[in-house]
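# Observations on the model geometry
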Amino acid sequence: MNTTTQSQEAPPPIRAIIVGMGDRASIYSSVALTNPEHLEIVGVVDVNPERVRQAQLMFDLPDEHCFSTVEELLEKPRLADAIINCTMDRLHVETSLPLLRHGYDMLLEKPYALNDTEGQLLIDCVRETGRKLMVCHVLRYTPFYRAIRRVLATGAVGDVINIHMANQVGYLHESVSFVRGKYAREEICGSGMLLTKCSHDLDIMSWLMGGIAPVSISSVGGVFQFKESNAPEGAGTHCLNNCPLERECPFSARRLYIEYPLRWANNVWHDTHSNPATDAEKEKILRQEDNPFSRCVYRCDISIVDHQSVLIHFRDGSTGTFSMNGGASTPRRIIHITGTRGEIYGDFEEECFHVRQMEPSAPGGYTERTLDMSDFQQGDAHGGGDRSIVLDFVALLRGERTSPGCPTLEDSIIGHRMVFRAEESRMQGGTMLPF
Ligand SMILES: NC(=O)c1ccc[n+]([C@@H]2O[C@H](COP(=O)([O-])OP(=O)(O)OC[C@H]3O[C@@H](n4cnc5c(N)ncnc54)[C@H](O)[C@@H]3O)[C@@H](O)[C@H]2O)c1
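Residues numbered from 1 in each chain as written. Predicted model: local features only at pLDDT ≥ 70, side-chain atom pairs only at ≥ 80, totals over all residues.

## Observations regarding the sheet that holds strand β8 (residues 214–222)
Whether parallel or antiparallel, the strands of a sheet pair through hydrogen bonds between backbone atoms. Ordered in space as β14-β13-β12-β11-β7-β10-β9-β8-β15, the 9 strands form an open sheet in which the pairing is mixed. Looking at which strands have only one partner, the edges of the open sheet turn out to be β14 (366–372) and β15 (433–434). Bridge count for strand β13 (residues 352–358) against β14 is 7 bridges, and the pairing is antiparallel. By the bridge assignment for β14, histidine 354 is matched with threonine 370. (Pairing = 2+ DSSP bridges. Helix = DSSP H or I, 4+ residues; strand = E, 2+ residues; numbered from the N terminus.)

This is the structure we're talking about:
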């Protein structure tokens, strides 16, 4: 009787502390509100008192569980099962090591490290402490990529000869985040563009290749568009204060962040001020000389690249090609896999992909079926991946069955190393480097 009752009892929610209560942490931690049976947020660490206050209100946290630094949290005995670490890239390893050693398991934002040397410190720490660490590769949880992986596994398109992926970073996102925003300079964010924006894509490539490791990698890239020499003749330095071309420029801060506020403008108002109520207030803020979001996109002095291509040679002789194009007219993630018996072609934003198979008797010599994922890709900007990864993290900590794509640290190493090597190659002008 007792045994039956015990086996039917639901496990308690996983208790977690947020470290870095920014955009990403707000998304992940909201699972505690929708699924309190799985996740409970019991504390917060953030250097920004306003963010701490937001978390305190959101999760009804006691003052003694609110901290402004990781060091303060570490002064206490372990207060929770896990940490949700959503600090910016350059802080990931620095903040994770002492927290893991203190006994916390961790859901860590990508990239797990800035380079191989730093990454090895984290890998060693996880191996030594035996802690569980998952990296936020949310795209692995999307119905789109999962379905592609399943089709590959059936052998429907034969053996992979080439896998081509492209990440078209739309001009709205590119300008607000990577040109004017917090990712524009490596010394602030910690990562370059490939690592911060495309570690997902190379992780997906590695995941789809099913453990076939690369043997060599090369990469080239640079700044093509967002540089001073491309500023149109007569353009000012500041959209609202001194630019006569403002009305015709697709990057006009007034057009992007006041007139069409439902696109990426939230990043502006979230990062600088808490949502001004009127357009006049927004204009006043954007007119401030030091406001980063009204700078001319051609004069932002970015240190990251705005386009990059990567070439990968895999151990079985197949190849991978990846390109990131920043400032594209539409955001897109495109994938085209060519196999010995067919091909898969898909567009993540269109939420469907096509499987074509060789068939001499069919019109054109091939059959085609389209797999529409639109009914399944719901919930958030990552096709439902943001919520699913948190629930999988809970399952991992409870010792329950996790999803086949569960991105533990060990499982994320190849994808990250592909980025690290590609960046080394780009710095050396595109030299083919051994993996
Ligand atoms: N998985 C994804 O799809 C995805 C998407 C976007 C961003 N990211 C990654 O998520 C991470 C966070 O991005 P974000 O947009 O939420 O950033 P954010 O700037 O909104 O949040 C970072 C938070 O960390 C806080 N912080 C800074 N220093 C700190 C410290 N020493 N200790 C504790 N808190 C500190 C900041 O005050 C801020 O609240 C980045 O690494 C980014 O690359 C991942």
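Now that the structure has been shown, we can carry on.
## Focus: the site of the ligand
If you check the shell around the ligand, you find 23 residues, and the closest are Gly20, Gly22, Arg24, Asn48 and Glu109. Across the shell around the ligand, the residue classes tally to 10 nonpolar, 6 polar and 7 charged. (Near = placed C-beta within 6 Å. Nonpolar A, V, L, I, M, F, W, Y, C, P; charged D, E, K, R; others polar.)

## Considerations on the domain arrangement of the protein
When the domains of the protein are assigned, the result is domain 1 (2–135), domain 2 (139–226 + 303–380 + 408–434) and domain 3 (233–299). The centre of domain 2, based on its C-alpha atoms, is set 32 Å off from the matching centre of domain 3. Listed as interface residues are 10 residues of domain 2 and, on the opposing side, 12 residues of domain 3. The residue inventory of the side of domain 2 that touches domain 3, partitioned by class, reads 5 nonpolar, 4 polar and 1 charged. (Domains from an automatic or database assignment. Contact = placed C-beta atoms within 7 Å.)

## Describing the nonpolar core
One finds Ile18, Ala82 and Ile84 to be the most contacted residues of the largest nonpolar core, which totals 115 residues. A total of 9 residues in this core trace back to one element, the largest contributor, which is helix α11 (residues 193–208). When sequence neighbours within four positions are dropped, the list of residues in contact with isoleucine 18 reads Ala25, Ser29, Ile41, Val44, Ala55, Ile84 and Cys86. (Core = buried A, V, L, I, M, F, W, Y, C linked by C-beta atoms within 7 Å. Buried ≥ 20, exposed ≤ 12 C-beta atoms within 10 Å, placed from the backbone.)

## A few points about the pairing of strand β11 (residues 332–339)
Burial of β11 is one-sided: the residues Arg333, Ile335, Ile337 and Gly339 facing one way are buried, the residues Arg332, Ile334, His336 and Thr338 facing the other way are not. Counting the residues between successive antiparallel strands, the hairpin from β11 to strand β12 (residues 342–347) contains 2 residues.

## Brief notes about the sheet that holds strand β6 (residues 133–135)
Spatially, 6 strands are ordered β3-β2-β1-β4-β5-β6 in an open sheet, and the strand pairing comes out parallel. At either end of the open sheet lies a strand with only one pairing partner, and these are β3 (66–67) and β6. Bridge count between strand β4 (residues 82–85) and strand β5 (residues 105–108): 4 bridges; the pairing is parallel. The partner of asparagine 85 across the bridge, within β5, is leucine 108. The strands touched by helix α4 (residues 49–59) within the sheet are β1 (14–19), β2 (39–45) and β3, with β2 carrying the most contacts at an inclination of about 155°. (Axes fitted to C-alpha atoms, helices over the stretch in contact; angles between N-to-C directions.)

## Focus on helix α9 (residues 171–179)
Since the α-helix advances by 3.6 residues per turn, residues separated by three or four positions end up pointing in the same direction. With 8 of its 9 residues buried, α9 lies for the most part within the structure. Among the residues of α9, those classed as buried are Tyr171, Leu172, Glu174, Ser175, Val176, Ser177, Phe178 and Val179.

## Let's talk about the packing of helix α6 (residues 92–101) against helix α7 (residues 116–129)
Helix packing for two helices is described by the angle between their axes and how far apart those axes are. Interaxial distance between α6 and α7 falls to 10 Å at its minimum, and their mutual angle equals 10°. Relative to α7, the element α6 is oriented roughly parallel. Between α6, through Val93, Ser96, Leu97, Leu100 and Arg101, and α7, the contact on the second element is made entirely by Glu118, Leu121, Leu122, Cys125, Val126 and Thr129. When its residues are assigned to classes, the contact of α6 with α7 shows 7 nonpolar, 2 polar and 2 charged. (Parallel < 35°, antiparallel > 145°, perpendicular 65-115°, else oblique.)

## Considering unusual backbone geometry
Between lysine 110 and proline 111 the backbone carries a cis peptide bond, its omega angle lying at -10°. Within the secondary structure layout, proline 111 lies in the loop between β5 and α7. One non-glycine residue, aspartate 301, lies in positive phi territory at about 55°. Locating aspartate 301 in the fold gives a position in the loop between α15 (279–287) and β9 (307–314). In this structure aspartate 301 comes out as partly exposed when scored by C-beta crowding, with 13 C-beta atoms within 10 Å.

## Side note on the confidence of the model for the protein
This prediction gives the protein a mean pLDDT of 94; 96% of its residues lie at or above 70. Throughout residues 1–5 the model reports pLDDT below 50, and contacts reaching past four residues in sequence, or to other chains, amount to 0 contacts. (pLDDT = per-residue confidence, 0-100.)

## A closer look at helix α8 (residues 143–154)
Given a rise of 1.5 Å per residue, 12 residues ought to cover 16 Å, and the 17 Å separating the end C-alpha atoms of α8 matches this to within 8%. Residues Phe144, Tyr145, Arg146, Ile148, Val151 and Leu152 constitute the buried set of α8. In this structure, the buried side of α8 is in contact with α11, β11, β12 and β13. Looking one or two places after α8, you find glycine 155, whose phi comes out positive at around 80°. (Expected span 1.5 Å × (residues − 1).)

## Brief notes about the packing of α11 against helix α17 (residues 409–427)
Axis separation between α11 and α17 bottoms out at 8 Å; the angle between their running directions is 130°. Here α11 is positioned oblique relative to α17, judged by the angle of their axes. The element α11 and its partner α17 pack so that their crossing is right-handed. Residues Leu194, Leu195, Cys198, Ser199, Leu202, Asp203 and Ser206 of α11 form the contact with α17, whose own contacting residues are Ser412, Ile414, Gly415, His416, Met418, Val419, Ala422 and Glu423. Residue composition of the contact of α11 with α17, grouped by class: 8 nonpolar, 5 polar and 2 charged. (Left-handed = near helix turned anticlockwise from the far one by under 90°.)

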